[in-house]
Amino acid sequence: MERHSGILLHIATLPCRYGIGQLGKSAYDFADFLADSAQSYWQVLPLVPTGYGDSPYQSCCASAGNEYFIDLDLLAKEGLLTDEELASCVTEADSRINYENLYYTRYEILRKAFSRYDKTDAEFVRYVKRGEFADYALFRTIKDSFGGAPWNEWDDEFRLRDAETLKRFSEAHADDILFWQWAQFVFHKQWSALKEYAARKGIKMIGDMPIYLAYDSVECWTHPEMVKLDEDLRPTAVAGCPPDAFCDTGQLWGNPVYDWNYMERDGFKWWIARLKKCFELYDVVRIDHFRGFDRYYEIPFGEKTAVNGVWQPAAGRAMFKAAENELGEMQVIAEDLGILDDSARDMFAALGYPGMKILQFAFDSGDDNDYLPHNYKDGNCIVYTGTHDNDTLLGFIRKLGGRKEYFACALARELERMGLPQCGASDEEMCDSVIELCYASAADCAIIPMQDWMKTGEEGRINMPSVLSTSNWSYRISPDYAELGLQKRIKELTVRYGR
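I will try to describe carefully the structure that is included in this document. Quantities reported herein were computed from a predicted structural model and do not represent experimental measurements.

**Looking at the pattern of salt bridges**
Tallying each qualifying case throughout the model produces 35 salt bridges. The shortest N-O distance in the salt bridge between E171 and K167 comes to 2.9 Å. Placement of both E171 and K167 in helix α8 (residues 163-172) is noted, with a separation of four residues, approximately one turn of the helix. Taking the shortest distance from any N to any O, the salt bridge between R489 and E436 comes out at 4.0 Å. Taken together, the residues R489 in helix α19 (residues 486-496) and E436 in helix α17 (residues 427-440) connect sequence positions 53 residues apart. Residues joined by salt bridges that share partners form a network here, namely D367, R413, E414 and R417.

Next up, the structure:
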């Protein structure tokens, strides 16, 4: 990756009058904003349907698009929705995302659009004949028929995928199954058009791929052999992180863990297919919890905390080599945050993918902190002020309390080392200086969350890990973001530091 910069903004947070960001005008406007700011990348969070806790990291499908992102105005232009139907979806422009309301109303509107769609359209017919998202469509239809229950609670003939039962069900619910395929057809068509528009503006898309699957997912239902399940198809172990200085009980994520021995025997076919789909959607893919491809933390199913887990070996190094042999060179960002052991460091070095540097982590442990820009030994990294799991930069600084003086002194030392002007004493001026450190650093790419450019406080935080809250994943940016004059400041830094 050459020396560039970009902005992190989740599609869901885009301003839109229909309750959640969509792939229509507001997305194109943001691409224009990026171009006017001389940016090279737009980083998004997972585009998949949200699951438990409204999180895209707990999706029912690893490759499907989130139907909530389908732009309703574009459907109306095609004559598939009326003005009255659009009006029924309107919410306050700056309200937080209400996923419960979307769940109970958005699919109904999309079904109305589908009912008016010409199902003999040649492109759609070819899409269906290729079997695109056929398993996903069947999964969602069966799930609806069981009142949204997870697949492990379905009747045995469905849970165990009895062929004759699925055949009869598919014939009886053909139109419902076709709806879900149509929704994916529309989503991917709208996403492709946006991506092509951005490309014409000189902007590449960085996507985000969670490492793990949700248990209640089409992948675990159709390929239970890929994950560690018992004879009753219940997880024997789940994923998480061990106890550390931040949490003495660790993190219990609850996702089933992969059976890497099976995957290696199978030639990593599923992983290669998954990566292929990712690179059809994005120019660059950030892969979450990358160290889990070397060793992963496995917790016995049923444990209430992550204390009693053990580390197990994974075959990620061999998998990525196999994928590169099949797909060619892949533009990957490896999320390498946290404490790494020698084995993990060896894997990162062998694969060579750029890792991540987070400046919110840089000023709390002395001048040898790896996240401080003066310690970047080469440019093979991506620097961020923070991620979707952190507070916003302004929220972080405001909550420093008695540690703020130490932070200010450490920031001043780093600015001096990097030959940058000292910052003012206000929280907002500290934000400006941290962002400038990102741009001035040796990192190949600097990515700044949009909330940090806007100096949004803690209300702009996207997610607080391991905490169930309606505040998670519900933030939306102000509709007037483009009127704040940020483009000039962003472009100025981009030019000044050769990005």
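Having seen the model, we can carry on.
**Topic: the packing of aromatic side chains**
Applying the stated rule across the entire model yields 49 aromatic pairs. Ring geometry for Y127 versus F185: centroids 5.1 Å apart, planes at 65°, classification edge-to-face. One end of the pair, Y127, is in helix α5 (residues 122-129); the other, F185, is in helix α9 (residues 174-200), and 58 residues separate them in sequence. Neither residue differs from the other here; Y127 and F185 are each classed as buried. Here F179 and W182 contribute two aromatic rings whose centre-to-centre distance is 6.1 Å and whose plane-to-plane angle is 35°, an arrangement assigned as tilted. Of this pair, F179 and W182 both sit in helix α9, separated by three residues, roughly a single helical turn. Each member of the pair, F179 together with W182, is buried. Here the basic side chain of R161 rests over the ring of W221, its NZ or CZ set 4.3 Å away from the ring centre.

**Some details on the side chain of D294**
By the element assignment, D294 lies in the loop between β6 (284-287) and β7 (295-300). Comment: no salt bridge for buried D294; closest opposite-charge side chain is R295, at 4.5 Å. Only 3.3 Å separates the side chain of D294 from the backbone nitrogen of A344, close enough to count as a polar contact.

**Examining the pairing of β6**
Of the two faces of β6, the one holding V284 and R286 and the one holding V285 and I287 are both buried throughout. Note that strand β3 (residues 204-209) and β6 share four bridges and pair parallel. Looking at the pairing, I206 lines up with V284 of β6. Taken together, the three bridges between β6 and strand β9 (residues 332-334) define a ladder with parallel strand orientation. By the bridge assignment for β9, R286 is matched with I333.

**Observations regarding the sheet that holds strand β8 (residues 310-313)**
The strand order across the open sheet formed by four strands is β5-β4-β7-β8, and the pairing between neighbours is antiparallel. One side of each edge strand has no neighbouring strand; the edge strands of this open sheet are β5 (251-256) and β8. If you compare each strand with its neighbour and ignore which way they point, the axes differ by 50° on average. Inspection of the sheet shows β7 paired to β8 by four bridges, in the antiparallel sense. If you follow Y296 over to β8, its bridge partner there is Q312.

**Describing the packing of α5 against α9**
A pair of packed helices is characterised by two quantities: the angle between their axes and the separation of those axes. At a minimum axis distance of 11 Å, the contact between α5 and α9 shows a crossing angle of 115°. The element α5 and its partner α9 pack so that their crossing is right-handed. Here α5 contributes E123, F124, Y127 and V128 to the contact with α9, which in turn contributes L178, Q181, W182, Q184, F185, H188 and K189. Class assignment of the residues belonging to the contact of α5 with α9 gives a composition of six nonpolar, three polar and two charged.

**Some details on the sheet that holds β3**
Strand order across the open sheet formed by eight strands is β9-β6-β3-β2-β1-β12-β11-β10, with parallel pairing between neighbours. Of all the strands in the sheet, just β9 and β10 (355-358) have a single pairing partner and so form its edges. Each strand of the sheet is rotated relative to its neighbour by a mean of 25°, with strand direction disregarded.

**Regarding α19**
Buried within α19 are the following residues: L486, Q487, I490, L493 and T494. Along α19, the residues classed as buried sweep out an arc of 140° about the axis, all on the same side. Turned more than 90 degrees off the buried face of α19, the exposed positions are K488 and V495. Looking at the packing, one finds that the buried side of α19 touches β1 (4-8), α1 (25-36), α17 and α18 (450-453).

**Observations regarding the environment of E225**
Position of E225 among the secondary structure elements: in the loop between α10 (218-222) and β4 (237-241). The spacing of E225 and I435 is 210 residues in sequence and 46 Å in space, taken between C-alpha atoms.

**Considerations on the environment of P421**
Position of P421 among the secondary structure elements: in the loop between α16 (404-417) and α17. Here P421 falls in the exposed class, since its relative accessible area comes to 54%. For the pair formed by P421 and E436, sequence separation is 15 residues and the distance between their alpha carbons is 9.8 Å. Those residues in contact with P421 that sit more than four places away from it in its chain are L415 and E436.

Conventions we followed
In this numbering scheme, every chain counts its residues from 1 along its sequence in written order. In view of the model being predicted, local features appear only for residues whose pLDDT reaches at least 70, and side-chain atom pairs are presented and counted only at 80 or more, with totals across whole chains, interfaces and linings using the full set of residues. Side-chain descriptors were evaluated using all non-hydrogen atoms of the structure, hydrogens and water having been removed beforehand. When a carboxyl oxygen of Asp or Glu lies within 4 Å of a side-chain nitrogen of Lys or Arg, that pair is called a salt bridge. Strands are runs of DSSP state E lasting at least two residues, helices are runs of H or I lasting at least four, and both sets are numbered from the N terminus onward. Paired rings are identified among Phe, Tyr and Trp, the last through its six-membered ring, by centres lying within 6.5 Å, and are further divided according to the angle between planes into stacked (under 30 degrees), edge-to-face (over 60) and tilted (the rest). Each residue gets one of three labels from its accessible area relative to the maximum for its type: buried under 20%, exposed over 50%, partly exposed in between, using a 1.4 Å probe on protein chains only. Our definition puts a charge over a ring when NZ of Lys or CZ of Arg is within 6 Å of the ring centre and also within 35 degrees of the ring normal. Positive residues here are Lys and Arg, negative ones are Asp and Glu, while His and the chain termini are left out of the count. A 3.5 Å cut-off defines polar contacts: any pair of N or O atoms within that distance qualifies, except that in protein one atom must be a possible hydrogen donor and the other a possible acceptor, and neighbouring residues in sequence count only when both atoms are side-chain atoms. In this analysis, strands are considered paired if DSSP registers two or more bridges between them. Axes, fitted as lines to C-alpha atoms, cover a helix only where it is in contact. Angles between the N-to-C directions of the axes lie from 0 to 180 degrees. Helix crossings get a hand from a simple test, with the near helix turned counterclockwise from the far one by less than a right angle marking a left-handed crossing and a clockwise turn marking a right-handed one. Any two residues whose heavy atoms approach within 4.5 Å at even a single point are treated as in contact. Note that Gly is not counted as nonpolar here; it falls among the polar residues with everything else outside the nonpolar set of Ala, Val, Leu, Ile, Met, Phe, Trp, Tyr, Cys and Pro and the charged set of Asp, Glu, Lys and Arg. Starting at the helix axis, one direction is taken to each C-beta atom, and the arc is that of these directions.

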